[in-house]
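Coordinates in review
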There are 4 protein chains.
Amino acid sequence: MNMEKTIKAGIVGGTGYTGVELMRLLLGHPHVEIACVTSRTDAGKSIATIYPHLTDLLDLAFIEPEIETLGSCDVVFFATPHGIALEMSQPLLEQGVLVIDLSPDFRLKDIVCWEHWYGQKHTQPELLKTAVYGLPEVNRKAISSASLIACPGCYPTAVQLGFLPLLEAGLVDLGELIADVKSGVSGAGRKAAISGLMSESGEGVKAYAASGHRHLPEIVAGLEAVTGETVGLTFVPHLMPMIRGIHATLYSKLTTKISLSEIQAIYQQRYVDESFVTVLPVNSHPDSQDVRMSNRCQIAIHQPQGAEVIVVLSVIDNLVKGAAGQAVQNMNLMFGYAETAGLDSIACYP
Amino acid sequence: MNMEKTIKAGIVGGTGYTGVELMRLLLGHPHVEIACVTSRTDAGKSIATIYPHLTDLLDLAFIEPEIETLGSCDVVFFATPHGIALEMSQPLLEQGVLVIDLSPDFRLKDIVCWEHWYGQKHTQPELLKTAVYGLPEVNRKAISSASLIACPGCYPTAVQLGFLPLLEAGLVDLGELIADVKSGVSGAGRKAAISGLMSESGEGVKAYAASGHRHLPEIVAGLEAVTGETVGLTFVPHLMPMIRGIHATLYSKLTTKISLSEIQAIYQQRYVDESFVTVLPVNSHPDSQDVRMSNRCQIAIHQPQGAEVIVVLSVIDNLVKGAAGQAVQNMNLMFGYAETAGLDSIACYP
Amino acid sequence: MNMEKTIKAGIVGGTGYTGVELMRLLLGHPHVEIACVTSRTDAGKSIATIYPHLTDLLDLAFIEPEIETLGSCDVVFFATPHGIALEMSQPLLEQGVLVIDLSPDFRLKDIVCWEHWYGQKHTQPELLKTAVYGLPEVNRKAISSASLIACPGCYPTAVQLGFLPLLEAGLVDLGELIADVKSGVSGAGRKAAISGLMSESGEGVKAYAASGHRHLPEIVAGLEAVTGETVGLTFVPHLMPMIRGIHATLYSKLTTKISLSEIQAIYQQRYVDESFVTVLPVNSHPDSQDVRMSNRCQIAIHQPQGAEVIVVLSVIDNLVKGAAGQAVQNMNLMFGYAETAGLDSIACYP
Amino acid sequence: MNMEKTIKAGIVGGTGYTGVELMRLLLGHPHVEIACVTSRTDAGKSIATIYPHLTDLLDLAFIEPEIETLGSCDVVFFATPHGIALEMSQPLLEQGVLVIDLSPDFRLKDIVCWEHWYGQKHTQPELLKTAVYGLPEVNRKAISSASLIACPGCYPTAVQLGFLPLLEAGLVDLGELIADVKSGVSGAGRKAAISGLMSESGEGVKAYAASGHRHLPEIVAGLEAVTGETVGLTFVPHLMPMIRGIHATLYSKLTTKISLSEIQAIYQQRYVDESFVTVLPVNSHPDSQDVRMSNRCQIAIHQPQGAEVIVVLSVIDNLVKGAAGQAVQNMNLMFGYAETAGLDSIACYP
């Protein structure tokens, strides 16, 4: 398979956890060469200085994020805070570079909503129309021919993959969905903040943004796109004392009479051809550890006391299937590679 | 206050986490002397051999659990698996010993239900009738005059304290309650099991018993006792990669029009005289770390997007307010001590 | 004992881990009232806002650090970075306030050395002469009559308590001491830094400052004060993925023929009257968890393969015996209280 | 490269952490097919039942460990407690199967010493003579032509790689070596034991076997094989609250005048051709997290205060370079594959 041509990839925003995870995955990808990695704060420094685990593996220095250099890449990934890809994508696309944006800049089609949650003006309404939401399990075909991908957030990935089969099959009350989601601390990024200190977060659990989180409108939009109906979702994210992993516990109310084994069959059928989604046997309890470092999502379904509430458990690694891995999966689709290329790393257990 | 007489306490089942936490609290109690601690497996061994942190602090050896010795105590705590207090309580009560049972043996008034969940015959139906459910915030008066206390489980404590004001005020749909609860691993006890190894549970989150957990009927019974109506609850416990702490995230649906600040006022009023329940300001996010090692419960209330779902966050330390601390609180009430005696240790932060 | 008069205590630098640990201990102290807590950054804010675990327990707001207010206290603790106590102690002492400095400002009698390691001028050479090094196990008598205490650092406490009996007895080669010390991350303080993030420090171990750490000269000075001879020490601190605790592994070479049981007897004799130092049986392995949240030090001694290297294991909680607890122990001595007053909290296990 | 023939591998002892790590590595190896995995306790069960992270990745059931089945493999790995490979290796070798033993059965050439530490008779003295100690950085050539490999233990790997250049160059006092080594809890294996519970080991550090550990004679034998002289080593292992990783802190005393930069040059020269050993710049502090999940060893050298003690810091992943990865590296050498085949996974950061 090494006979296929190799492409050059650029990474904008290389000093965050998403950026460095992209480096890990792309270094192991059979068809990609990392051409450049940008960092405003660390430009000029050797990448191995900041990330000693890449010593002897990636012999590059961070560079300033400049369109000219990035323009020579085949694909550019944005692993940046919101607002950067917004401005830099257009000039890159004009040079024929494919853009995969891991930031939220093109995730919401509703500009008013985006501007409300991100507190700034969305300057690229035309570009936004062309952006494809990069959840391959929903948009595979559109992704394949897209030039600008908006990669889903970590929470939205876990929640949507868990809810989709139920909603597509029209089995539950769309007005009363609940997503209680637990995340490792790497989701908060690699930035100096007291709240992220191990002393603060190493032995406690807490919810945050319970009254409203930026991923809420993204999840709702994703679910509404699938159902074509209005969705009412309560979404409460929590911070867990671990580094990687997301565990979504999803509650919904059946509106029709159907057995658990029938629901299980619907899930298995829905994901039978998906390389990265595993439906575990009925009554399993997926462990976020079992997908750590891998691009996989594991899902299990419960019907407590045989009542009308269906509980779906969905786990991913927030930095892989919830970010860098999914971005690479999108890239594979865009370039016609095997969808699993470079994504075969097995979960870190124990 | 040291003028009040000192009582003798016995602990049955001293080699578990609940038992050793009782030792910590009783050693610091102004009116209690630990007279004996039993352990079938470690009888004869110095307690400090098994628990080196008690070296120089508790100069006793474990003894066999015998009624004769225990009968000379004023109060006996059972920190045992189910089935032990069931058989040993009656003879102790007959000798005038007060019994505080931290096991589930007397928590459910419904014998059929108890036998279903615990898989054995309940041999003490008469005794069960006299047992008082030891949640002081609900049953303070009955506790004061009881001779046999059934201490609530850890999950039931966090969930009931969180839900009570909403339910007592009749504000929410009793048929659709959801409790998504996260616990530290000490809740699984001090027993050799692969699932409890740090390698297995140190970097992952998982639900367990999602289809049915023994604490479910206890919570439902507690809520029904307060409301006098049938309660429908979905309860999903999760294991967190931390040692101590419970975080309950509670979802319910308003059936009446009421503002968040009014709900907040109801909560504050409900717990204004409670020494161990703190209602945080609206939109707070209690951290389980902030009650670690203390007997406190912290609660906060949210109304995401101003919709009809109310989210209550409730945190406790599973070994203190969820077990040993609550047991001591019950003891204080039974002996007429200040309810807070021996329970003033402040949370371990950081 | 409550008949003794109560004193007023001030804390300068209340927003760090040492400061908040002082609050925990002083809130539980029978003779102390916390009169004021200063914080430049959070002045005006309620303490419970910053530290929710103190909600309902300490009803104060942070104030600016001003001599006038602090001057009305009986004792002032400095839980500050270096350089603050240096300037503020003199005016407080002049007003009759006793000063207990948890910072390094008065730990080194050698001004040149201090200025070398702390990179600033030591402006108080006269005051330095009067300061007493607050290690009660060595300086109890001097502490009792001191007005300015320099509390030992966390590493120096664990290392000195471990080495002292060997060195006082003249048993080992003073030129070849090695202290390999492991610390929890709270030792790095409550400050926003990428290196302290849980993502960075939650699943790895690393040494730091192996070529030279500020606590090295303090340890050496302490050991030289006891032996009266030049000491050669190699000191390598390490960061562990845990919050609290220090484990010192100390290596030294016997210069005389003596059996392990004789050494054990020397240690037991040395600490027989010490309330906070426990010598475990020969060949024990103290666990830092067994002193977490307590003011205790546990020590054990080994002689691997019966050879000439003696290995001493010494554990403390860096925030208690290594900081705030030791400061309170010093205060107790200065005010004639029982040395253990307010210091009876038992280790957090599990 | 896929044109080279594929070999069949068997794993004896598949339910431990070393066994499952072998599965991860071999599943990603370009020339190996996992033919069978044995487990006495779980024979008949699907591997994915025990290890859900391998769902959809390895479709095998555990089998009984029988020579007949194993005899059809090209290579058999023993990931077993001591005593198993001892008995099963000879019949496999007779059938032409290459054997890579990750247990200690063939690590010590001195039978008396082996029997002392492992408490059983060594029944295969002739076989022991043919076994090659599988540390490729020392024995690469012998490994290539061996049929029975004794893979080094995790501690011995980290310690030997750290000490070797110093000792080979004859720079330090061989009688006074000290290895203070810190290990994650996965080193204790996947067996039900209270001491391994997260509640017991999640927030504390402790030494163990300080008076003598089975890896001591192995390390000494390895160092003596290289130096040809008697080596005196003090070795103290410690348990860290993390899952994977070893950090060795090595102390030795220079016997000759040499600068730190000269020592650094010696290290760099020693390992310049090694794919899995990285010598970091002088005064670096390798983090065990930076080699987690990888087969790499990172080393850094310090000379505190320019004195005669040299401190070498050496980190590996105990399950990879300390076990399964090194075993695969040996296999690659034995079969003439690229030494790095299947071993390119990059460290898990964060």
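The text that follows walks through the structure, step by step, so that each part is easy to find.

Cut-offs applied
- Residues numbered from 1 in each chain as written.
- Chains lettered and ligands numbered in written order.
- Predicted model: local features only at pLDDT ≥ 70, side-chain atom pairs only at ≥ 80, totals over all residues.
- Heavy atoms only, no water.
- Helix = DSSP H or I, 4+ residues; strand = E, 2+ residues; numbered from the N terminus.
- Rg over C-alpha atoms; globule rule 2.2 N^0.38 Å.
- Buried < 20%, exposed > 50% of the residue type's maximum accessible area, 1.4 Å probe, protein only.
- Contact = heavy atoms within 4.5 Å.
- Areas by Shrake-Rupley, 256 points an atom, 1.4 Å probe, with all protein chains shown as cover.
- Lys, Arg positive; Asp, Glu negative; His and termini not counted.
- Charge placed at Lys NZ, Arg CZ, Asp CG, Glu CD.
- 1 Å grid on protein atoms, 1.4 Å probe; cavity = no way out; pocket = protein on both sides within 12 Å on 5 of 7 lines; lining within 4 Å.
- Points joined across faces, edges and corners; volume = space filled by probe spheres on them.
- Nonpolar A, V, L, I, M, F, W, Y, C, P; charged D, E, K, R; others polar.
- Least-squares fit on C-alpha atoms with pLDDT ≥ 70 in both.
- Buried area = accessible area lost by both parts, 1.4 Å probe.
- Salt bridge = Lys/Arg side-chain N within 4 Å of Asp/Glu carboxyl O.
- Polar contact = N/O pair within 3.5 Å; in protein donor to acceptor, adjacent residues only side chain to side chain.
- Pairing = 2+ DSSP bridges.
- Right-handed = clockwise from strand over helix to strand, strands pointing away.
- Axes fitted to C-alpha atoms, helices over the stretch in contact; angles between N-to-C directions.
- Parallel < 35°, antiparallel > 145°, perpendicular 65-115°, else oblique.
- Left-handed = near helix turned anticlockwise from the far one by under 90°.
- Phe/Tyr/Trp six-rings, centres within 6.5 Å; stacked < 30°, edge-to-face > 60°.

Brief notes about the overall build of chain A
A count of helices and strands for chain A gives 12 helices and 13 strands. By the compact-globule yardstick of 20 Å for 350 residues, chain A fits well, its C-alpha radius of gyration being 20 Å. Out of the 350 residues belonging to chain A, those deemed buried represent 65%. A separation threshold of at least 6 residues defines the contact pool for chain A, and within that pool the share at least 24 residues apart is 70%. Taken as a whole, chain A presents about 11,200 Å² of accessible surface, with 52% of it coming from carbon and sulfur. Taken together, the 23 basic and 36 acidic charged side chains of chain A have centroids lying 1 Å from each other.

Topic: the environment of Ser-183 of chain D
Residues and elements named next belong to chain D. With respect to the helices and strands, the residue Ser-183 is situated in strand E7 (residues 177-183). For the pair Ser-183 and Glu-137, spaced 46 residues apart in sequence, the C-alpha to C-alpha distance is 22 Å. What Ser-183 contacts, discounting residues up to four positions off in sequence, is Tyr-155, His-238, Leu-239, Met-240, Gly-245 and Ile-246.

Description of unusual backbone geometry
Of all residues except glycine, most have a negative phi; of all peptide bonds, most are trans. Here the bond from Tyr-349 of chain A into Pro-350 of chain A is cis, since omega is -5°, no more than 30 degrees from zero. Within the element layout of this structure, Pro-350 of chain A appears in the segment after helix H12 (320-335). For Met-293 of chain B, which is not glycine, the phi dihedral falls at a positive 75°. Despite not being glycine, Asn-283 of chain D has its phi angle at roughly 70°, a positive value. You can see Asn-283 of chain D is positioned in the loop between strand E11 (277-279) and strand E12 (297-302).

Some details on empty space enclosed by the protein
Counted according to the given criterion, the structure contains six cavities of 30 Å³ or more. If you add up the space inside the largest cavity, you get close to 120 Å³. Forming the boundary of the largest cavity are 16 residues, of which Met-198 and Gly-202 of chain A together with Met-198, Gly-202 and Pro-241 of chain C lie nearest the centre. Grouping the amino acids of the lining of the largest cavity by side-chain chemistry returns eight nonpolar, four polar and four charged.

With respect to the relation of the copies chain A and chain B
Relative to chain B, chain A is turned by 180° and slid 0.0 Å along the rotation axis, the superposed coordinates differing by an RMSD of 0.0 Å. When the rotation and shift are considered jointly, the pair of chain copies conforms to a two-fold rotation axis. Closest approach to the rotation axis among the C-alpha atoms of chain A is made by Pro-241 of chain A, whose C-alpha sits 3.0 Å away. The residues that chain A uses at the interface reappear at the interface of chain B in 100% of cases, marking a shared surface.

A few points about the interface of chain A and chain B
The parts lose accessible area when they come together, and the size of an interface is often stated as this lost area. Facing 46 residues of chain A, the contacting portion of chain B comprises 46 residues. Roughly 3,800 Å² of surface becomes buried between chain A and chain B when both sides are summed, with 52% attributable to carbon and sulfur atoms. Summed over the shared surface of chain A and chain B, the number is eight salt bridges. A salt bridge links Glu-176 of chain A to Lys-253 of chain B; its shortest N-O distance comes to 2.6 Å. Linking chain A to chain B there are 32 residue pairs in polar contact (both at pLDDT 80 or more). Elements represented by at least two residues in the side of chain A that touches chain B include exactly strand E7 (177-183), helix H9 (198-201), strand E8 (206-207), strand E9 (233-239), strand E10 (246-253) and strand E13 (309-316) of chain A. Class assignment of the residues belonging to the side of chain A that touches chain B gives a composition of 22 nonpolar, 14 polar and 10 charged.

Section: the pairing of strand E1 (residues 7-12) of chain C
The side chains of a regular strand alternate, residue by residue, between the two faces of the sheet. All names here are of chain C. Of all the six residues making up E1, five are buried; the element is thus mostly covered by neighbouring parts of the structure. By the bridge criterion, six bridges tie E1 to strand E2 (residues 32-38) in an arrangement that is parallel. By the bridge assignment for E2, Ile-11 is matched with Val-37. Crossover E1 to E2 through helix H1 (residues 17-27) is right-handed. Pairing geometry for E1 and strand E3 (residues 75-78), over four bridges, is parallel. Each bridged residue has a counterpart across the sheet, and for Ile-11 the counterpart in E3 is Phe-77.

A closer look at the packing of helix H1 (residues 17-27) of chain A against H12 of chain A
Residue and element names in this part refer to chain A. Between H1 and H12, the shortest axis-to-axis distance is 9 Å and the interhelical angle comes to 45°. The angle between H1 and H12 falls in the class oblique. Once H1 is placed against H12, the crossing between them reads as right-handed. Here Thr-18, Glu-21, Leu-22, Arg-24, Leu-25 and Leu-26 of H1 lie close against H12, whose contacting residues are Val-320, Ala-323, Ala-324, Gly-325, Ala-327, Val-328 and Met-331.

Some thoughts on the relation of the copies chain C and chain D
For the pair chain C and chain D, the superposition axis carries a translation of 0.0 Å, the fit reaches an RMSD of 0.0 Å, and the rotation angle comes to 180°. A symmetric contact is evident, with 100% of the interface residues of chain C recurring at the interface of chain D.

Thoughts on the side chain of Arg-190 of chain B
Mapped onto the secondary structure, Arg-190 of chain B falls in the loop between strand E7 (177-183) and helix H9 (198-201). Among the residues examined, Arg-190 of chain B registers a relative accessible area of 18% and is labelled buried. In this structure the side chain of Arg-190 of chain B is engaged in a polar contact, spanning 3.0 Å, whose partner is the backbone oxygen of Thr-15 of chain B. A distance of 3.1 Å separates the side chain of Arg-190 of chain B from the side chain of Tyr-349 of chain C, its partner in a polar contact. With residues up to four places along the chain from it excluded, the contact list for Arg-190 of chain B reads Thr-15, Gly-16, Tyr-17, Ile-50 and Tyr-51 of chain B, Tyr-349 of chain C together with Ile-194, Leu-197 and Glu-200 of chain D.

What to know about the sheet that holds strand E6 (residues 148-150) of chain B
Residue and element names in this part refer to chain B. Read from one edge of the open sheet, six strands run E2-E1-E3-E4-E6-E5, paired in parallel fashion. For this open sheet the edge positions go to strand E2 (32-38) and strand E5 (132-133), each flanked by a neighbour on one side alone. Taken together, the three bridges between strand E4 (residues 98-101) and E6 define a ladder with parallel strand orientation. Bridge pairing in E6 places Asp-101 opposite Ala-150.

Points about the packing of aromatic side chains
Each aromatic ring pair is specified by the distance between its two centres and by the angle formed by the two planes. Tallied over the entire structure, the rule returns 20 aromatic pairs over all chains. Ring geometry for Tyr-155 of chain A and Phe-235 of chain A: centres 5.3 Å apart, planes at 70°, overall edge-to-face. Remark: Phe-235 of chain A occurs in strand E9 and Tyr-155 of chain A occurs in helix H8 (residues 154-168); sequence separation between them is 80 residues. By relative accessible area, Tyr-155 of chain A is classed as buried at 2%. When the ring of Tyr-17 of chain B is compared with that of Tyr-349 of chain C, the centres are 5.9 Å apart and the planes differ by 65°; the resulting orientation is edge-to-face. With Tyr-17 of chain B in helix H1 (residues 17-27) and Tyr-349 of chain C in the segment after helix H12 (320-335), the pair connects residues from two separate chains. Across the pair, Tyr-349 of chain C and Tyr-17 of chain B agree in class, each one buried. By the ring-pair criterion, three or more aromatic residues cluster together here, those being Tyr-17 and Tyr-51 of chain A together with Tyr-349 of chain D.

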